[in-house]
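A structural walkthrough
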Amino acid sequence: MCGIVGYIGTQAAAPIILDGLAKLEYRGYDSTGMAVFDGNKINITKAPGRLKVLEELTHGGESMPGHVGVGHTRWATHGVPNMTNAHPHFNKEGTIAVVHNGIIENYLKLRHMLEEKEYQFVSETDTEVVVQLLDYYYRGNPLEAITKVLHRVEGSYGLGVIFADHPDQLFAVRKDSPLIVGQNETGCFIASDVPAILKYTRKVYYVENQEIVRLRQDHMHFYTEDEEEITKEAVYIDWDSNAAEKAGYEHFMLKEMYEQPKTVADTLLPRLKGNDIDIEELHMSNEELEAVKKIHIVACGSAYHTGVTGKYVIEGLARIPVEVDLASEFRYRNPILEEGAMVVVISQSGETADTLAALRESKKRGFKVLGIVNVVGSSIAREADNVMYTWAGPEIAVATTKAYSAQLIALYLLAMKMAQAKKTISGEEFGAMIEDLKKIPDQIELLLGNKEKIQRFANRYIGAKDIFFIGRGIDYSISLEGSLKLKEISYIHSEAYAAGELKHGTISLIEEGTLVAAVATQPALYAKTISNMIEVKARGAFLLAVTNEGNNEIEKAADYVIYIPKTNDYFTNSLAIIPLQLFGYYVAVGKGCDVDKPRNLAKSVTVE
Ligand code: AGP
C-alpha cells in the first residue's frame, strides 16, 4: 500500500516527513515524493526508486524549507512507477498538492469530464483526478472544495492536501484507506499508519470514513463530508515500533490474511460496472474473447494453484479447454500452442524467473500473453501484452495469502467474461454470480473470525510428521494450496492428493492419527469425497473436513468440520482457503517457526 505522512507546526516539515516515510517502507513502494510550502510557494520533489533517492535529492529535507508539507511512498496501481506518476500530484498553478493512498474507481469518467473543461493531465494515475477536481471546485475555501470532491469520487482514499494560499492548514481525508492524525507540542501530523509518527506522539486519532480533518499548528478540527464539525476520542498507542509496522499483528502473514476482505474488494469492485464486468485492461473485444479456442495458464507455486482453480472455473463456465503448466516445465517441454490459443501467466511478484521465461517463450512463438500480476511495473507486467493487476498491495510475508485470493478473483472475472462472450451462461446466471462475488469479502471476514477455534485445533498438530490434504475438482486445487501453506512455513511434510487417487499408493502412508484434511465444497462430488474420507478413516486417519454450510452429512465421516458460507460452487476456493491459511499459520506459530521468512525460501524466486 502507499504511505502518507504530513506535518504542520513549528519544526521544518521535510525532515519529519522523510523520517515518517522511512517508517512506512515496510508497506512496499516504488517511488516517493514530497511537497512543502516554503512561505511563498509549494515546492515539490519526486523520484522513482527508494526513499534514499528522495533524501539525497533534498539533502535530508534541507533543500525543502517550510513548516507545512505532505510526503508519499507510492505502491503503483495505475501507471508505472516513474517521476511523473509519483505523488504528490498538483494542479496547473502548483497551488494545491495531494498525496493519495487507495483507488479512485471512477477516475476515467472524471478525467474525461475535466479534459472537456480544458484540464490537462500529465500522469497516468487515478490520483491526479483528485487534485484537478479540487482545483475545479476551489473558490478560496479548502474545506468546501474538498467536500465537493468527496461527493464526486468513488473508491478508496486516504488523502493529504495542502493549499498554497492557506499555509496555516493541512487537510486529511479518509475513505477505506487507513489514515491517522496526531499532535505534539510542536505541531500536528497525518500518517497512513502509526509507525510514521510514533516517535513524535503516542496519542492519535483514527480518521473514519468520509471524515475530513483540518490540522493547524496547534489544533485539529474534524468534519463530516457535509462540513459538520464533530468531536473524536484520541487513542493511546502502547505498541513498540516493530509491532507497529505490523499494525499490531504478530506477523505480516497474519496482517495480510486480515487484509484479504479489502484486497479482494479492491481487485473486484473496480471491474464491476453495474451488473456487468469490465476488464478494460484485457483490451479484448467480445469477438476476440469469443475467438479464443484454448487457454494455457502458466505459473509457479501458489500462483500455479490458482491456475488449477482457473482451469475448472473457465472450462466449467466458458466451455473451452484450459491447460495448466508449472512454468519450470512449460519453458522446456517444447509446448504445443495452437492457433487461437491464449497464454495467461500468473505471478504476485512479476519477477519469477520461470514464469517470465514461459512468457517470453510464448511471445517468441507469436502468442499474446495476459499477465495476472500484483507488482505494477514488474518484469512480467512490462513484458506481457496485457496486464490484469491484482490490487492486493505489497505482500511482505513469503507465504502468499492476499495476492493468492486476489488472483482467484481475477480468474473468476476472466472466466465470466469469456462465458459471456461465448454465451455459455445465461444473463440470469451471470447476474447471480455477480451478486455472489460481491459477498465474498464479507464472507472472508466472517471466516477470519474463526481464528481462535482454528488456533486451538492447529495446536494439536504442531508435532505432526505428515499431514495430507485431499479433494476432487476445485477441492483438489484448494488442497494443493492448503498443503503448501502448511509445509512452507511449519516445515511439516504435507501432500495434496486428488481424493480419488489416494488408493493408488499414498494411502499406504496413512497411520493411526494421521491428519487428513478433506475439502468438500462441490455438491456434485460430496458423496465421492466422503467415500474417500471413509477409506482413510478405516486406516486410522483423523479427518478434518472443510465443507459448505448445510452439508451436515459429512459429520458421519469427519472428526472435525469447518463450514464455509454459501457461495457459487465456482467461487468456493476463495472461502475454503481461509481456514486452511489460518491452520498452516497457527501450526507454524505453535512450532515457533519464522512465519514471515521461512527457511530456504525467498519472496520472489528470480533464479531458475
Ligand atoms: C507461495 O506461498 C510461495 N511463496 C511460492 O509458491 C510463490 O507462490 C511462487 O514462488 C510464485 O511466486 P510469484 O507469484 O511471485 O510468481
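A brief report on the enclosed structure follows. (Residues numbered from 1 in each chain as written. Predicted model: local features only at pLDDT ≥ 70, side-chain atom pairs only at ≥ 80, totals over all residues. Heavy atoms only, no water.)

1. Examining the overall build of the protein
- Looking only at helices and strands, the protein has 19 helices and 27 strands in total.
- Taken over the C-alpha trace, the protein has a radius of gyration of 25 Å; the compact-globule value for 608 residues is 25 Å, and the two agree within 12%.
- Counting only C-alpha atoms, the protein reaches 80 × 55 × 45 Å along its principal axes.
- By residue count, 62% of the 608 residues in the protein fall in the buried class.
- Across the protein, the fraction of contacts at a sequence separation of at least 24, relative to all contacts at a separation of at least 6, is 72%. (Helix = DSSP H or I, 4+ residues; strand = E, 2+ residues; numbered from the N terminus. Rg over C-alpha atoms; globule rule 2.2 N^0.38 Å. Buried < 20%, exposed > 50% of the residue type's maximum accessible area, 1.4 Å probe, protein only. Contact = heavy atoms within 4.5 Å.)

2. Details of the packing of aromatic side chains
- Under the counting rule described, the total for this entry stands at 16 aromatic pairs.
- With centroids separated by 4.2 Å and ring planes inclined at 25°, the aromatic side chains of Phe-457 and Tyr-560 adopt a geometry described as stacked. Placement of the pair is Phe-457 in helix 16 (residues 451–458) and Tyr-560 in strand 27 (residues 560–564), with a sequence separation of 103 residues. Tyr-560 carries the same exposure label as Phe-457, and that label is buried.
- An aromatic cluster of at least three residues, connected via ring pairs, comprises Phe-457, Tyr-461, Phe-542, Tyr-560 and Phe-583.
- Cation over ring: Arg-271 sits above Trp-391, and NZ or CZ is 4.4 Å from the ring centre.
- For the cation-ring pair, Arg-599 lies above Tyr-491, with the distance from its terminal atom to the ring centre recorded as 3.8 Å. (Phe/Tyr/Trp six-rings, centres within 6.5 Å; stacked < 30°, edge-to-face > 60°. Lys NZ or Arg CZ within 6 Å of the ring centre and 35° of its normal.)

3. Notes on the pattern of salt bridges
- Within this structure, the stated rule accounts for 29 salt bridges.
- With a shortest N-O distance of 2.9 Å, Glu-211 and Lys-232 are connected by a salt bridge. A residue pair is termed long-range when its members are at least 10 positions apart, and Glu-211 in strand 12 (residues 211–215) and Lys-232 in the loop between strand 14 (229–230) and strand 15 (235–236) qualify at 21 residues.
- Between Lys-537 and Asp-559 there is a salt bridge, and its shortest N-O distance comes to 2.6 Å. In this pair, Lys-537 is assigned in helix 18 (residues 526–537) and Asp-559 in the loop between strand 26 (542–548) and strand 27, connecting sequence segments 22 residues apart.
- In the salt-bridge network here, residues are joined through shared partners; they are Lys-294, Glu-323, Asp-325 and Arg-333. (Salt bridge = Lys/Arg side-chain N within 4 Å of Asp/Glu carboxyl O.)

4. Some points on the site of the ligand
- With respect to spatial proximity, 14 residues lie near the ligand, and among them Ser-347, Gln-348, Ser-349, Thr-352 and Glu-488 are the closest.
- Ser-347 has a polar side-chain atom sitting 2.7 Å from an oxygen atom of the ligand.
- Note that a nitrogen atom of the ligand is positioned 2.8 Å from one of the backbone N or O atoms of Val-398.
- Across the complex, the protein chains shield 91% of the 410 Å² of accessible surface that the ligand would expose by itself.
- Broken down by secondary-structure element, the contributors of at least two residues to the shell around the ligand are helix 10 (301–318) and helix 17 (474–490).
- Here the shell around the ligand is built from residues that sort into 5 nonpolar, 7 polar and 2 charged. (Near = heavy atom within 4 Å. Polar contact = N/O pair within 3.5 Å; in protein donor to acceptor, adjacent residues only side chain to side chain. Areas by Shrake-Rupley, 256 points an atom, 1.4 Å probe, with all protein chains shown as cover. Nonpolar A, V, L, I, M, F, W, Y, C, P; charged D, E, K, R; others polar.)

5. Quick look at helix 10
- With 18 residues, helix 10 extends 25 Å between its outermost C-alpha atoms, agreeing within 8% with the 26 Å of an ideal straight helix rising 1.5 Å per residue.
- Those residues of helix 10 not exposed but buried are Ser-302, Ala-303, His-305, Thr-306, Gly-307, Val-308, Thr-309, Gly-310, Val-313, Ile-314, Leu-317 and Ala-318.
- Positive phi shows up at Arg-319, right after helix 10, with a value of about 55°. (Expected span 1.5 Å × (residues − 1).)

6. Details of the packing of helix 14 (residues 402–421) against helix 19 (residues 572–590)
- As a packed pair, helix 14 and helix 19 sit with axes 10 Å apart at the nearest point and diverge in direction by 170°. In this view, helix 14 runs roughly antiparallel relative to helix 19, as classed from their interaxial angle. Along the contact surface, helix 14 presents Tyr-404, Ser-405, Leu-408 and Tyr-412, while helix 19 presents Asn-573, Ser-574, Ile-577 and Gln-581.
- Residue classes in the contact of helix 14 with helix 19 are distributed as 4 nonpolar, 4 polar and no charged. (Axes fitted to C-alpha atoms, helices over the stretch in contact; angles between N-to-C directions. Parallel < 35°, antiparallel > 145°, perpendicular 65-115°, else oblique.)

7. Digging into the pairing of strand 1 (residues 3–9)
- Among the 7 residues in strand 1, 7 count as buried, and that is most of the element.
- Burial of strand 1 is two-sided: the residues Gly-3, Val-5, Tyr-7 and Gly-9 facing one way and the residues Ile-4, Gly-6 and Ile-8 facing the other way are all buried.
- Relative to strand 4 (residues 68–74), strand 1 is paired through 6 bridges, and the arrangement is antiparallel. Bridged to Tyr-7 within strand 4 is Gly-69.
- Taken together, the 5 bridges between strand 1 and strand 10 (residues 187–191) define a ladder with antiparallel strand orientation. Note on strand 10: the bridge partner recorded for Gly-6 is Ile-190. (Pairing = 2+ DSSP bridges.)

8. Some thoughts on the environment of Lys-232
- Measuring from C-alpha to C-alpha, the distance between Lys-232 and Tyr-205 comes to 7.2 Å, with 27 residues separating the pair along the chain.
- With residues up to four places along the chain from it excluded, the contact list for Lys-232 reads Tyr-205, Tyr-206, Val-207, Glu-208, Glu-211 and Phe-222.
- A distance of 2.9 Å separates a polar atom in the side chain of Lys-232 from a polar atom in the side chain of Glu-211.

9. Some thoughts on the sheet that holds strand 7 (residues 155–163)
- Within the open sheet, the 7 strands sit side by side as 5-6-7-8-12-13-14. Their pairing is antiparallel. Every interior strand has two partners, whereas the edge strands, strand 5 (89–90) and strand 14, have only one.
- Pairing between strand 8 (residues 170–175) and strand 12: 5 bridges, direction antiparallel. Within strand 12, the position partnered with Ala-172 by the bridge is Val-213.

10. Notes on the sheet that holds strand 19 (residues 322–326)
- Taken in spatial order, the 5 strands make up an open sheet running 19-18-20-21-22, and their pairing is parallel. For this open sheet the edge positions go to strand 19 and strand 22 (386–389), each flanked by a neighbour on one side alone. This sheet shows a mean twist of 20° between the axes of neighbouring strands, independent of strand direction.
- One ladder, built from 5 bridges, connects strand 18 (residues 294–299) with strand 19; its direction is parallel. Bridging across to strand 19, Ile-295 finds its partner in Val-322.

11. Section: the nonpolar core
- With 116 residues, the main nonpolar core has Ile-295 and Phe-583 as its most contacted residues.
- When residues in this core are grouped by element, the largest group, 13 residues, is from helix 14.
- Sequence-distant contacts of Ile-295, that is, excluding residues within four places in its chain, are made with Ile-314, Ile-320, Pro-321, Val-322, Glu-323, Met-342, Val-344 and Met-418.
- Ranked by size, the runner-up nonpolar core spans 30 residues in total, among them Ile-104, Val-130, Leu-133 and Phe-171. (Core = buried A, V, L, I, M, F, W, Y, C linked by side-chain atoms within 4.5 Å.)

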